[in-house]
Amino acid sequence: ELDARKENAMERRIKKANFPERRTLEQFNWNFNKKIDQRKIELLSTCKFIENNEIALLLGNAGTGKTHCAISIGLLAAQAGHTVFCTSVKRLSQRIRLAKERNTLDLLFKQILTSKLWILDDWGVVTMPRDVSEEIFDLFDRRKYSSAMLLTSNRAVEEWPQVFSDPILANAAIDRMFENANIILFE
């Protein structure tokens, strides 16, 4: 009965994380791209960065395996007992806008802020309007001591300020992303 409860709790965490699909590191073809630092990905898969509320940035070109690795690490985190919030930045922006319209932003923030790991996929794909970028900055600022974050991006870091409509807000948010970040390049 205890094993069944553990299994059910794990399945609830995985479902609540809203992963777009289930992918494991065992399914990842390391031979497909020898430039990926397998050792660094495997170190992240231990979930120690989550326990220390750190940030992992998976940066590189599209189609190099960043999302696969991020989802795999998220699944491992859920299996280890951590709550995970997984979304693309575009969907997060849409959810923030909708929550503001419905006056439920507090509920959305509670869901995000109570998750031990945030996975934000495709950072920099969409430019955020000022009201959304302010809320995302607030999330990043509040995350610092309570949650870990895993962010993927296929845009050059130099282009990241363009994601925000306000350059001061952009610099502050980017500063929070790179503070004690584990950076893995996918070439």
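Our subject is the structure that appears above.
These numbers were taken from a predicted model, which means no experiment stands behind them. One numbering rule holds for all chains: residues counted from 1, following each sequence as written. Reporting of local features is limited, given that this is a predicted model, to residues whose pLDDT is at least 70; pairs of side-chain atoms are given and counted only at 80 or more, and all residues count toward the totals for whole chains, interfaces and linings. Values reported for side chains reflect all heavy atoms of the structure, with hydrogen atoms and water molecules removed beforehand.

Draft legend 1. Quick look at the pairing of strand β4 (residues 148–153). The cut-offs for exposure are 20% and 50% of the maximum accessible area for each residue type, with area from a 1.4 Å probe on protein chains only; residues under the lower value are buried, those over the upper are exposed, and the others partly exposed. Secondary structure elements follow DSSP: runs of H or I no shorter than four residues count as helices, runs of E no shorter than two count as strands, and numbering proceeds from the N terminus. The buried count for β4 comes to six of six residues, which makes it a mostly enclosed element. Of the two faces of β4, the one lined by A148, L150 and T152 and the one lined by M149, L151 and S153 are each fully buried. For two strands to be treated as a pair, DSSP must find at least two bridges joining them. Both strand β1 (residues 55–60) and β4 contribute to a ladder of five bridges, which runs parallel. Paired with L57 across the bridge in β4 is L151. Sheet topology places strand β3 (residues 117–121) next to β4; four bridges connect them, and they run parallel. In the strand pairing of β4, L120 is matched with L151. Where the polypeptide runs from β3 across helix α7 (residues 130–143) and back to β4, its parallel neighbour, the crossover connection is right-handed. Viewed with both strands pointing away, a crossover whose connecting path from the first strand over the helix to the second turns clockwise is right-handed.

Draft legend 2. How the structure looks around the pattern of salt bridges. We count a salt bridge whenever a side-chain nitrogen from Lys or Arg sits within 4 Å of a carboxyl oxygen from Asp or Glu. A complete count under the given rule lists nine salt bridges for this structure. Notably, a salt bridge pairs R5 with E1, separated by 2.8 Å at the nearest N-O pair. Summarising the burial analysis for this pair, R5 and E1 share the class exposed. Across the pair E134 and R130 runs a salt bridge whose closest N-O atoms are separated by 2.8 Å. Taken as a pair, E134 and R130 lie in helix α7 at a separation of four residues, close to a single helical turn.

Draft legend 3. Region of interest: helix α4 (residues 66–79). To estimate the expected span of a helix, subtract one from its residue number and multiply by 1.5 Å. With 14 residues, α4 ought to run about 20 Å at 1.5 Å a step, and its terminal C-alpha atoms sit 20 Å apart, in line with that. Burial within α4 is extensive, with eleven of its 14 residues counted as buried. Turning to α4, its buried residues number three or more, namely K66, H68, C69, A70, I71, S72, I73, G74, L75, A77 and A78. Following α4 by one or two positions, G81 adopts a phi angle in the positive range, close to 105°.

Draft legend 4. Focus on the nonpolar core. Only buried residues count toward a nonpolar core, which is a set of Ala, Val, Leu, Ile, Met, Phe, Trp, Tyr and Cys residues joined through side-chain atoms within 4.5 Å. In terms of nonpolar packing, the biggest core is built from 32 residues, with W123 and F140 touching the most fellow members. Mapped onto this core, the elements with two or more residues apiece are β1, α5 (89–102), α6 (105–113), β3, α7, β4 and α8 (167–178). The criterion used for residue contact is that any of the two residues' heavy atoms lie within 4.5 Å. In contact with W123, not counting residues within four places along its chain, are V89, M128, I136, F140, L151, T152, S153, N154, W160, V163, F164 and M177. One finds I14, I36, C47 and I119 within the second-largest nonpolar core, a separate group that totals 30 residues.

Draft legend 5. Looking closely at the packing of aromatic side chains. Classification of ring pairs uses Phe, Tyr and Trp, with its six-membered ring standing for Trp, and accepts pairs whose centres are within 6.5 Å; under 30 degrees between planes counts as stacked, over 60 as edge-to-face, and the remaining range as tilted. This model, assessed by the stated rule, comprises three aromatic pairs. Ring centres of W123 and F140 lie 5.8 Å apart, and the angle between their planes is 40°; on these two criteria the pair is classed as tilted. With W123 in the loop between β3 and α7 and F140 in helix α7, this pair connects stretches of sequence that are 17 residues apart. Taking relative accessible area as the criterion, F140 reaches 3% and is therefore assigned buried. Feature note: the residues F28, W30 and F32 constitute an aromatic cluster, connected by ring pairs.

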